[in-house]
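# Per-entry structural report
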Amino acid sequence: MTEALLRTVTRTQGNNEALKSGAVRPRGFAFDFEEVPVLVHAFRRMVREHAYDISEMALTTYLVAKEHGARFTAVPAFLVRGFHHGAIHQHAAAPVVDPKDLEGRRVGVNRGYTVTTGVWARAVLQEEHGVDLSKVTWVLSGDEHVAGYQPPGNVESLEPGRSLEEALTAGDLAAAIGITPQSGQVVPLLPDAEEAGYRALTGRGLFPVNHLVVVRDELLEKNPELAAQVFDAFARSKQMYVERLRGGEGGTPADAMHRRVMELTGGDPLPYGIEPNRGVLDALLRHAVDQRILRSPRPLEELFAPATRDLVA
């Protein structure tokens, strides 16, 4: 019997490298990888067209899409994690002395209001610096992947033809989230951003999740065990990566971050499965509701394919 060939998009990175090289092969199907240079373009195509069978996806994009009736369901393989204290930038010539001073001012957000980095960065401002997010005007450089999403009233769009960095350096924005600065005059808002992330990890166990994996519902309805097979393939690839990290391999910034997390926690820096990630997932859901990205919270288990709810790797 010929295995199903499933059209798949995922970024090539340490924990997926063995899938791309063929060192790890899925059981019961085969990946047909499509390379998408700008990964967020794949997110949009998956949300709007259900263009792939299996796709990496930003976590809050998935949550919003699911609330709006998307016909795909997540597998708890959390491909990308990171700290977001350093995602908030300001202009060095007009520094924000205290993050609370952002209240009453305009802050840029790269792309849409629902992007996951924006959610986590706003949570940093709220939880660690006491910023009332409702008193900030959030200025978007793009639109939302989920076309039906309606942002709250304190969200507006940047003027056409301008970049967030231009608006920031011109003094029209007090800060901007999620940009890649081109000027040395644009600096992190929080000067100890990297270490602040690790303090959140050691103090609260917080290593934020950014991306997971989704599978088209049509395929899961035909074969409910496909979700577990997808999880298994991604998990075996990730485990090979973690072993390489333990052996000192890997020289990318992500590798260095994962090794530091491993040193601080004494365990796997990229746990897959609902249970070992319950705290961070519950936090993200709470922030998404507080920031009016989701209308209401949902039971965590409902967000993941039934065959994967008890799996851990």
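These notes cover the structure that comes with them.

On to the sheet that holds strand E6 (residues 106-109). Spatial strand order, E8-E7-E6-E9-E5-E10: 6 strands in an open sheet with mixed pairing. Both outer strands of the open sheet, strand E8 (155-157) and strand E10 (186-188), are each paired with one neighbouring strand and no more. Each neighbouring strand pair of the sheet contributes to a mean axis angle of 35 degrees, computed without reference to strand direction. Contacting strand E5 (88-91), E6, strand E7 (137-140) and strand E9 (175-177), helix H4 (residues 116-129) crosses the sheet at an angle of about 135 degrees to E9.

Further remarks concern the pairing of strand E4 (residues 72-81). Counting buried residues in E4 gives 10 out of 10 residues, a clear majority hidden from the surface. Pairing between E4 and strand E11 (residues 209-216): 6 bridges, direction antiparallel. Pairing of Val-75 across the sheet is with Val-213, part of E11.

The final tally for this structure, using the stated rule, is 8 aromatic pairs. Look at Phe-31 and Phe-234: their rings are 5.8 Å apart centre to centre, the planes differ by 80 degrees, and that puts the pair in the edge-to-face class. Taken together, the residues Phe-31 in strand E2 (residues 29-33) and Phe-234 in helix H8 (residues 226-246) connect sequence positions 203 residues apart. Of the two residues examined, Phe-31 and Phe-234, each falls in the buried class. By way of ring pairs, the aromatic residues Phe-29, Phe-31, Phe-33 and Phe-234 are connected into one cluster. A cation over a ring is seen here: Arg-122 above Trp-138, with NZ or CZ 5.4 Å from the ring centre. Sitting over the face of the ring of Tyr-272, Lys-238 holds its NZ or CZ atom 4.8 Å from the ring centroid.

Since there are 3.6 residues in each turn of an α-helix, residues three or four apart along the chain are aligned in direction. End to end, helix H10 (residues 278-290) covers 18 Å across 13 residues, agreeing with the expected 18 Å (1.5 Å per residue, within 8%). Taken together, the buried positions of H10 are occupied by Val-280, Leu-281, Ala-283, Leu-284, Leu-285, His-287 and Ala-288. Against helix H3 (59-67), E4, H4 and E11 lie the buried residues of H10. Arg-292 lies just past H10 and shows a positive phi near 60 degrees.

All right, on to the sheet that holds E11 then. Neighbouring strands of a sheet are bound in pairs by backbone hydrogen bonds; such pairs are parallel or else antiparallel. Pairing within the open sheet is mixed, and its 5 strands lie in the order E2-E1-E3-E11-E4. Looking at strand neighbours, the two that pair on one side only are E2 and E4, the edges of this open sheet. Taken over all neighbouring pairs, the strand axes of this sheet differ in orientation by 30 degrees on average, direction set aside. Seen against the sheet, H3 touches strand E3 (54-58), E4 and E11 and runs at an angle of roughly 105 degrees to E3. Along the sheet, H4 makes contact with E3 and E11, crossing E11 at roughly 145 degrees.

Right, let's get into the pattern of salt bridges. Within this structure, the stated rule accounts for 29 salt bridges. Among the salt bridges present, the one from Arg-45 reaches Glu-49, with a minimum N-O distance of 2.9 Å. One end of the pair, Arg-45, and the other, Glu-49, are both in helix H2 (residues 39-49), 4 residues apart, so they sit about a helical turn from each other. By relative accessible area, which is 31% here, Arg-45 ends up partly exposed. Each member of the salt-bridge network shares a partner with another, and the members are Asp-53, Arg-216, Glu-218 and Lys-222.

The rules behind each value
Residues numbered from 1 in each chain as written. Predicted model: local features only at pLDDT ≥ 70, side-chain atom pairs only at ≥ 80, totals over all residues. Heavy atoms only, no water. Pairing = 2+ DSSP bridges. Helix = DSSP H or I, 4+ residues; strand = E, 2+ residues; numbered from the N terminus. Axes fitted to C-alpha atoms, helices over the stretch in contact; angles between N-to-C directions. Contact = heavy atoms within 4.5 Å. Buried < 20%, exposed > 50% of the residue type's maximum accessible area, 1.4 Å probe, protein only. Phe/Tyr/Trp six-rings, centres within 6.5 Å; stacked < 30°, edge-to-face > 60°. Lys NZ or Arg CZ within 6 Å of the ring centre and 35° of its normal. Expected span 1.5 Å × (residues − 1). Salt bridge = Lys/Arg side-chain N within 4 Å of Asp/Glu carboxyl O.

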